[in-house]
Amino acid sequence: MFSKFTHLHIYTFCYLVLSTLVLAACTSSAASTVREGNRYATGFELQQQADSSVVLTIYSPWQPDKVMGRYTIAQPYRRICSNACTHVGYIKELAAMDELVGITDRHLVYTPLADSVADLGNSMSPNREQIVLLQPDIVLLSTYAEGDATPEQLRQLGLPIVYINEWQENHPLARAEWIRVFGVLTGRLAQADSIFQQVCAAYQQLIDRPINRSTDALSILSGQDFRGTWYVPAGKTYMGQLFKDAGYRYRYADDNRTQSIPRMTEQILRDFQNADIWVGVQANSLDELARIDEKHTWFKAYQQGQVYSFSKRTTPSGGNDFWETGAVHPERILRDLLFIQTSPLSDSLYFTQQLQ
């Protein structure tokens, strides 16, 4: 993604005019780890002020009590730059696409963009001069490592930033809850809260359905070999939670780590050779998957044709709606995972397609 599931984000962006946003790149500790008002997300906090402004606090993904940034938002921002296609999913959901003026790696965005939306270049080395010329009111920045130099480089150009770390949330509904941050920034918090409540209700309805949690439940495998290493989600990761909520048997369900687990392909064969369902492959056909590595053909799921990619909604240039709409609507991902257990008809799946 941008990652291997919970990844696919891209770096970089923009900002110039920060009228009422007071940015403090704080390094102090938060008074409490409790995020009042959030149901799932732990990476941000919203606090309503007496003067109707809202204080947005962003916490470090690497040190949960550390404040990365605190911003006082007194009015909506109308010119937005971004360095990640996932941000587009939230902006689109709030009908705020007119506010997006620039984004890195534009070719990787699935959602159609207006011709006026500038391509800010590669996320790792953005066109900073163009960013300055855009004069955005706000800059949204995903960061991928503590101590990343990109934020400071942008600040030196007079481009204040707002950190967006939704990709570090491990519960699907926690990522969806970041729509509240976008709601505050665009003056659409009530709309964002309404959307999030609907998503939670739909997701919970799917969880509450009768499912088979016995040893007869289908087993699942994720990912594929990459140069001899296979990364699989631990039980407390985004995908690990989705597998649990879909009622699958998953080998690493009880592994409480929150990152993907690197494994040699030989161990994956030992653990998953007889898995019933295989998802998340980066291939367009079974033949292509076999060409990537012959060992892929040794899995039962391959032999029975039960292999799926999350690439039904893609563009020729590489955009994938899984990373945009999927961030806001995890219930659609969950529904796909449920549906392929029983009736994997391609016209009934949203993000997922069966390899032929």
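Below: a short report on this structure. (Residues numbered from 1 in each chain as written. Predicted model: local features only at pLDDT ≥ 70, side-chain atom pairs only at ≥ 80, totals over all residues. Heavy atoms only, no water.)

Note on placement: Lys236 falls in the loop between β14 (229-233) and α7 (238-245). Here Lys236 is in contact with Asn170, Asp255, Asn256, Arg257 and Thr258, once residues within four sequence places are set aside. (Helix = DSSP H or I, 4+ residues; strand = E, 2+ residues; numbered from the N terminus. Contact = heavy atoms within 4.5 Å.)

Here we come to helix α1 (residues 85-93). A large share of α1 lies buried, amounting to seven of its nine residues. All buried positions along α1 are accounted for by Cys85, Thr86, His87, Val88, Gly89, Tyr90 and Ile91. Where α1 is buried, its residues contact β5 (80-82), β6 (100-103), β10 (138-141), α4 (172-177), α5 (179-185) and α11 (325-328). Immediately beyond the C-terminal end of α1, within one or two residues, lies Ala95, with a positive phi of roughly 55°. (Buried < 20%, exposed > 50% of the residue type's maximum accessible area, 1.4 Å probe, protein only.)

Looking now at the packing of helix α6 (residues 189-207) against helix α12 (residues 330-339). At a minimum axis distance of 9 Å, the contact between α6 and α12 shows a crossing angle of 20°. With respect to α12, the element α6 is oriented roughly parallel. The way α6 lies across α12 gives a crossing that is left-handed. Listed contacts from α12 to Val199, Ala202, Tyr203, Leu206 and Ile207 of α6 are Pro330, Glu331, Leu334, Arg335 and Leu338. Across the contact of α6 with α12, the residue classes tally to eight nonpolar, no polar and two charged. (Axes fitted to C-alpha atoms, helices over the stretch in contact; angles between N-to-C directions. Parallel < 35°, antiparallel > 145°, perpendicular 65-115°, else oblique. Left-handed = near helix turned anticlockwise from the far one by under 90°. Nonpolar A, V, L, I, M, F, W, Y, C, P; charged D, E, K, R; others polar.)

The next point concerns the sheet that holds β14. Pairing in this open sheet of three strands is antiparallel, and the strands run β13-β14-β15 from one edge to the other. Taken across any chain shown, the strands that pair with only one partner, and hence form the sheet edges, are β13 (225-226) and β15 (260-264). Inspection of the sheet shows β14 paired to β15 by five bridges, in the antiparallel sense. Bridging across to β15, Trp230 finds its partner in Arg263. Along the sheet face, helix α8 (residues 265-272) touches β13, β14 and β15 and points at about 105° away from the line of β15. (Pairing = 2+ DSSP bridges.)

A few words on the packing of aromatic side chains. A complete count under the given rule lists 13 aromatic pairs for this structure. A centroid spacing of 5.0 Å and a plane angle of 70° characterise the contact between Phe44 and Trp178, whose relative ring orientation is edge-to-face. With a gap of 134 residues between them, Phe44 in strand β2 (residues 44-48) and Trp178 in the loop between α4 and α5 connect regions that are remote in the sequence. Taking the centre distance of 4.6 Å and the plane angle of 10° together, the rings of Tyr90 and Phe182 count as stacked. Taken together, the residues span a long stretch of sequence, with Tyr90 in helix α1 and Phe182 in helix α5 at a distance of 92 residues. The class of Phe182 is buried, set by a relative accessible area of 2%. (Phe/Tyr/Trp six-rings, centres within 6.5 Å; stacked < 30°, edge-to-face > 60°.)

Along its 19 residues, α6 runs 27 Å from first to last C-alpha, staying within 8% of the 27 Å computed at 1.5 Å per residue. Of the positions making up α6, those classed as buried are Ala192, Ile195, Phe196, Val199, Cys200 and Tyr203. Down the axis, α6 shows its buried residues gathered within 140° of arc, on one side only. Set apart from the buried face of α6 by more than 90 degrees, the exposed residues are Ala190, Gln198 and Gln205. Those residues of α6 hidden inside the fold are in contact with α1, α4, α5, α7, α11 and α12. (Expected span 1.5 Å × (residues − 1). Arc of directions from axis to C-beta.)

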